[in-house]
Structures are given as C-alpha cells and as structure tokens.
Amino acid sequence: MPAAVELAQVVKSYDGKTTVIHGIDLDIRAGEFVVFVGPSGCGKSTLLRMIAGLEPISGGEVRIDGQVVNELPPRQRDIAMVFQDYALYPHKTLYDNMAFGLRLRKTPEAEVQGRVMDAARLLKIDHMLERRPAALSGGQRQRVAIGRAIVRQPKVFLFDEPLSNLDAQLRGEMRSEIKRLHQRLGATIIYVTHDQVEAMTLADRIAVLSAGHKMQYDTPEAIYNRPAALFVAGFTGAPPMNLCECVLYEGYADLGGLRVPLPFELARRAGGCSRLTFGVRPENLRLARGGAADIELPAEVALLEPLGAETLVTLRLGQRELVARCPAWFRQAPGSAVTLYVAGDHLHLFDAATGTAI
Ligand code: ADP
C-alpha cells in the first residue's frame, strides 16, 4: 500500500557545523508524485537519502505511514530507490537482478516469478530477461532498475535523477513512461531532478529547493503562475520569466522611461518596498488585446528568433528588453513600433532585497 511521508523540521549538518538542510517541513500524501527540484548542490539528494535512511538525520523527524523512521535502517523502511547509475548487478541476468531483493526476503519462488513477470511486462522488458546488464542500452537498464523497485511493492518509491544519464529523446520517452507507471500503480513517488521540465510534467506537487531551504511547495500550475519567490520565478519556464528592476511611482512600475500601470492591489502591497523586481512571462505579452482591462505597452522590436512553431521576439520597453512569445507569422522588422497587451494579473512584483513575491 502506498504510504504518506512527512518531514518535520528536518535538518542535516556535517560535523555538527556545516548545515546543508535548514529545517524543512513537507507533507507527501499517499499515492502522490512529489518532485524535489533545484540547482546542483541545493540539497535534493541529501533530503532523499535521509528519507531512504542512507544518510543520518541531524534534526527533526521523518515519518513514513505515520511512523517515525529516524533510527530505522533502510531495509526496514519499506522503500525502494532508483538511482541515476542504475546500480544493477553486472553478473546477474535481468531476471535475477529483479528477483534478488525478493529472494533475500525469502519470498516463495512462485510469487517471485509472478511479480518479476508482471513488472517486466509493464516495462516491456519481458523478452530480454535472460540478458545481462552489459547487453542493454541505458534506457533498458533504467527500466530494469525501475522493475527491481516495482517488484518489491514498497510503500514509497524514491527516484534520484533517474534520467540524467540518458540522451534527450530517450529522457523524454522514459519521462512519459514513469508518469504512466505512476498512473497505473498509484504509488507514492518522491523524485529528485535539477530539470524543471521533468518537475513540471511529472509532479502532482513540486518542492523547489535552494541552498537547503524550501522555497515553495505547490502544484506545477501554482509554481508556474504564482511563484512565491524570485528564485522560483526564474527557475521555471523556457524562456524564463522576464525579470527587471523597477521603481514604484504613483501606482506605476517605472521600467526606466516606461510606466506600467499596476493593478491597484499589487501597487498597494508593493507600497513599503524600496527596491522591486518586475516580472512577466513571455507568453503573457501579447500582440492583440485579450480583454477590455488589458494594459497597453508601447514597444520597439529589437530581435526576432523564429523557432518554427513560434517566434521569440525581444522588445524594448523603456530602457529594458523583454522577450515575448509570438506566433510564427510575426515578421515586424527590428526597429518597428508595436503595441503589447498584458493582463494586470499576469504582472509579478518581487521585493528585490528578499526575493519574496509581493
Ligand atoms: P543536490 O542533490 O541538490 O545536488 P546534495 O544533496 O548532493 O545536492 O548536496 C547538498 C550540499 O551538501 C552541497 O552543498 C554539498 O556540497 C554538501 N555535502 C554533501 N555531502 C557532504 C559531506 N559529506 N560533507 C559536507 N558537505 C556535504
């Protein structure tokens, strides 16, 4: 049965001084797919390894299925982990690799066979079970590693950057397979990646981490549309959100020569802030009016980057340059004047000193 996982004020320090995880709270529901995302060194793997029991916990509590597991060794936590480098036994066949953990637990051989075959069929590797890992591609090896986790029927699956060693196309394919697998199994999955696209596409909820702190924990939709911090805003979306310094002036965001009228509530909340960062996503800057309340912004085309399905257009607004995602047919030459439209609720402001969203 899938289990809930809770972290309460979890801390990790090395040698009692270097703290790399600073008191993180997280609740992961049974059956939920949660992704830990953040740049290299932010503490994702450390957090995952503490849940697995591979890394001692310096402070706080980890609970699996309501039980505090801080002192439990990994094999008693009923979790299965899938690693980036697969960690398969090179001399065993795929079948034996997948059966190994069950046999270790003295599972009857008939049940071992049933579970291995079910997992192998699910992962489409049932025709190659007599092979050894050396005779497989990277993608196939990762399937075996996932199969080995599935046969254990653990309470929680932990994935540590499982797709990092695969080429871009295979990564995309395996990503959809992992998502399908989650839909089929209804398992609790905690998945670590530095790739925001993996995080957005796979997760029910994303925990964005930076320097050992939880920056935001929410649905992909909320992380994308309502980033709680500058760091989160800059981390999601390709191209990312346009971010530039601005000053507040009588309800306007002054971008240096261009004043953008702000929704009343936003301007009010920003009132006490001396340094601000203005943000708007490239797809929210449009060439046509969307609604009567849209804000109009005069701009000048600076650069066109056709991508086939769409064109990225760099525009000069005041003294700033912002990127807009425009339809492929957009052909206005650099230097042309255009009017952009944006809905007020697509404008973001951040306190430049703290990075907090306003
Ligand atoms: P991520 O998985 O996000 O790339 P890690 O969890 O691997 O990050 O590492 C988090 C931080 O902990 C990093 O700054 C790293 O240098 C530090 N760290 C990892 N292992 C040790 C260790 N044994 N001693 C001291 N610091 C460590």
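Owing to the predicted nature of the structure, the values given are computational and were not obtained by experimental measurement.

This brings us to the site of the ligand. Taken together, Tyr 14, Val 20, Pro 39, Ser 40, Gly 41, Cys 42, Gly 43, Lys 44, Ser 45 and Thr 46 form the complete shell of residues around the ligand. At 2.4 Å from an oxygen atom of the ligand is found a side-chain nitrogen or oxygen belonging to Thr 46. For the ligand, whose accessible area on its own is 570 Å², the fraction buried by protein is 56%. Its residues assigned to classes, the shell around the ligand comprises 4 nonpolar, 5 polar and 1 charged.

In a soluble, globular protein the nonpolar side chains are often hidden away together inside. Judged by nonpolar contacts, the single largest core of 46 residues is most densely connected at Val 35, Ile 146, Phe 159, Ile 178 and Tyr 191. Take this core: its biggest share by element is 6 residues, from helix 4 (residues 138-151). Residues in contact with Ile 178, not counting those within four places in the same chain, are Phe 33, Ile 146, Phe 159, Leu 163, Tyr 191 and Leu 202. Among the nonpolar cores identified, the runner-up in size contains 31 residues, and Leu 262, Val 280, Ala 324 and Leu 349 belong to it.

Domain boundaries assigned for the chain yield domain 1 (5-229) and domain 2 (239-351). Put simply, the middle of domain 1 and the middle of domain 2, counted by C-alpha atoms, are 39 Å apart. Buried surface at the junction of domain 1 and domain 2, both sides included, amounts to about 390 Å², of which 53% is carbon and sulfur. Three residues, Tyr 224, Pro 227 and Ala 229, lead the burial of domain 1 against domain 2; their summed loss comes to 87% of the area buried on that side. Taken together, the connections running from domain 1 to domain 2 amount to 0 salt bridges. On the surface where domain 1 and domain 2 come into contact, there are 2 residue pairs in polar contact (both at pLDDT 80 or more). For the side of domain 1 that touches domain 2, the per-class residue count stands at 3 nonpolar, 1 polar and no charged.

Below, the discussion takes up the pattern of salt bridges. All chains considered together, the criterion is met by 22 salt bridges. Its salt-bridge partner being Glu 6, residue Arg 63 comes within 3.8 Å of it at the nearest N-O pair. Linking Arg 63 in strand 4 (residues 59-64) with Glu 6 in strand 1 (residues 5-14), this pair joins segments that are 57 residues apart in sequence. Of the residues examined, Arg 63 reaches a relative accessible area of 21% and is grouped as partly exposed. Classification of Glu 6 as partly exposed rests on a relative accessible area of 27%. For Asp 294, the salt bridge is made with Arg 286, and the minimal N-O distance between the two is 3.1 Å. Classification of Asp 294 as buried rests on a relative accessible area of 11%. Judged by its relative accessible area of 25%, Arg 286 falls in the partly exposed class. Each of the salt bridges in this network shares a partner with another, and the network as a whole consists of Asp 27, Arg 29, Glu 32 and Arg 205.

Reading the values: rules and limits
Residues numbered from 1 in each chain as written. Predicted model: local features only at pLDDT ≥ 70, side-chain atom pairs only at ≥ 80, totals over all residues. Heavy atoms only, no water. Near = heavy atom within 4 Å. Polar contact = N/O pair within 3.5 Å; in protein donor to acceptor, adjacent residues only side chain to side chain. Areas by Shrake-Rupley, 256 points an atom, 1.4 Å probe, with all protein chains shown as cover. Nonpolar A, V, L, I, M, F, W, Y, C, P; charged D, E, K, R; others polar. Core = buried A, V, L, I, M, F, W, Y, C linked by side-chain atoms within 4.5 Å. Buried < 20%, exposed > 50% of the residue type's maximum accessible area, 1.4 Å probe, protein only. Helix = DSSP H or I, 4+ residues; strand = E, 2+ residues; numbered from the N terminus. Contact = heavy atoms within 4.5 Å. Domains from an automatic or database assignment. Buried area = accessible area lost by both parts, 1.4 Å probe. Salt bridge = Lys/Arg side-chain N within 4 Å of Asp/Glu carboxyl O.

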